[in-house]
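Observations on chain architecture
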Amino acid sequence: MNFRPRRQDEPEINLIPFIDVLLVVLIFLMLSTTYSKFTELQLRLPQADADAQRDYPRELIVSVSAEGRFAVNKVPVQGTPDSLAMAMAEAAKGGRDTVVVISADANATHQSVISVMEAARRSGLSQVTFATQSPRASNR
């Protein structure tokens, strides 16, 4: 018979499950957080510090007014984005390397600019750039 007192094992605290739970909670909070600062941004576009304007050998300038009216190479285009695409294809004269320069008013809607980009895609024109003004030029 063994009458010696048994040594009791000390209880262990396992922290790994606790850390796993905390990481899951942290990931949940990160994914469900709303970023309210993004809704507070007041944007004023377009202005950019850019180098001198490049002269492209074949460029097609599409102007977008604040009211959403379009002009292709200073010729007003009336109607739908389909008529804009036809006017762009006619002005480009089949040249696939033509660069489309979108010159949009700062107060033009995104939808107007997206319509020009979609018309360029329909016309087969893949090179698109945007005209901006430098901040120094707007303060005059």
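Our structure's up above, just so we're on the same page.
Here the residue index of a chain counts from 1 through its sequence in written order. Residues qualify for local features only when their pLDDT is at least 70, as the model is predicted, and side-chain atom pairs are given and counted only at 80 or more; totals for whole chains, interfaces and linings, by contrast, use all residues. To get the side-chain values, all heavy atoms of the structure are used, and hydrogens and water are removed first.

Thoughts on the overall build of the protein chain
Along the backbone of the protein chain there are four helices and five strands. For the purposes of this entry, the term helix denotes a DSSP run of H or I that reaches at least four residues, the term strand denotes a run of E that reaches at least two, and both are numbered from the N terminus. Along the protein chain, helices and strands appear, N-terminal first, in the series α-β-β-β-α-β-α-β-α. The buried share among the 140 residues of the protein chain stands at 21%. Any two residues whose heavy atoms approach within 4.5 Å at even a single point are treated as in contact. A fraction of 73% describes how many contacts in the protein chain between residues 6 or more apart in sequence connect residues 24 or more apart. In the structure as shown, the protein chain presents an accessible area of about 11900 Å², 56% of it carried by carbon and sulfur atoms. Each residue's exposure class comes from its accessible area (1.4 Å probe, protein chains only) as a fraction of the maximum for that residue type: buried when under 20%, exposed when over 50%, partly exposed otherwise. Accessible surface is estimated by sampling points in the Shrake-Rupley manner with a 1.4 Å probe; for residues, cover comes only from the protein chains shown.

Quick word on the packing of helix H2 (residues 81-92) against helix H3 (residues 110-122)
Orientation of H2 relative to H3, taken along the N-to-C sense of each, is 55 degrees, at an axis distance of 8 Å. On the basis of their axis angle, the class for H2 and H3 is oblique. Helix-helix and strand crossings are classified by hand; for H2 and H3 the assignment is right-handed. Counting all contacts with H2, which are made through Pro81, Asp82, Leu84, Ala85 and Met88, the residues of H3 involved are Ser115, Val116, Ala119, Ala120 and Arg122. For the contact of H2 with H3, the class distribution of residues is seven nonpolar, one polar and two charged. Orientation is described by axes fitted as lines to C-alpha atoms, over the contacting stretch for helices, and by angles from 0 to 180 degrees between their N-to-C directions. Convention used here: angles under 35 degrees read as roughly parallel, angles over 145 as roughly antiparallel, angles from 65 to 115 as roughly perpendicular, and any remaining angle as oblique. By definition, turning the near helix anticlockwise from the far helix through less than a right angle yields a left-handed crossing, and turning it clockwise yields a right-handed one. In this classification, Asp, Glu, Lys and Arg are treated as charged, Ala, Val, Leu, Ile, Met, Phe, Trp, Tyr, Cys and Pro as nonpolar, and every other residue, Gly included, as polar.

Some points on the pairing of strand S4 (residues 99-104)
Across the six residues that make up S4, a large majority, five, are buried. Pairing between two strands requires that DSSP report at least two bridges joining them. In this structure, strand S1 (residues 59-64) lies alongside S4, joined through six bridges in parallel fashion. Counterpart to Val62 in the pairing with S4 is Ile102. As defined by bridge partners, S4 adjoins strand S5 (residues 127-130) across four bridges and the pair is classed as parallel.

Quick word on unusual backbone geometry
Positive phi values are uncommon outside glycine, yet Asn73 reaches one of about 50 degrees. Mapped onto the fold, Asn73 is located in the loop between strand S2 (70-72) and strand S3 (75-77).

Some thoughts on the environment of Ala92
Within the secondary structure layout, Ala92 lies in helix H2. Along the sequence, Ala92 and Glu59 sit 33 residues apart, while their C-alpha atoms lie 8.1 Å from each other. Contact partners of Ala92, with chain neighbours within four places excluded, come to Thr98 and Leu125.

Quick notes on the side chain of Ser83
The topology assignment puts Ser83 in helix H2. A relative accessible area of 18% places Ser83 in the buried class. Other than its neighbours up to four places away in sequence, Ser83 contacts Val77 and Gln78.

Thoughts on the side chain of Ser112
Within the secondary structure layout, Ser112 lies in helix H3. Pairs of N or O atoms within 3.5 Å make up the polar contacts considered here, provided that, within protein, one atom can donate a hydrogen while the other can accept it, and that residues adjacent in sequence are counted only when both atoms are side-chain atoms. Within the local environment of Ser112, its side chain forms a polar contact with the side chain of Thr109, the two groups lying 2.9 Å apart. The residues contacting Ser112, other than those within four sequence positions of it, are Val64, Gly68 and Phe70.

Overview of H2
Over its twelve residues, H2 extends 16 Å from the first C-alpha to the last, a length consistent with the 16 Å expected when each residue adds 1.5 Å. Turning to H2, its buried residues number three or more, namely Ser83, Leu84, Ala85, Met88 and Ala92. Residues of H2 that are buried in the fold lie against S1, S2, S3, S4 and H3. Looking one or two places after H2, you find Lys93, whose phi comes out positive at around 55 degrees. One less than the number of residues in a helix, times 1.5 Å, gives the span that helix is expected to have.

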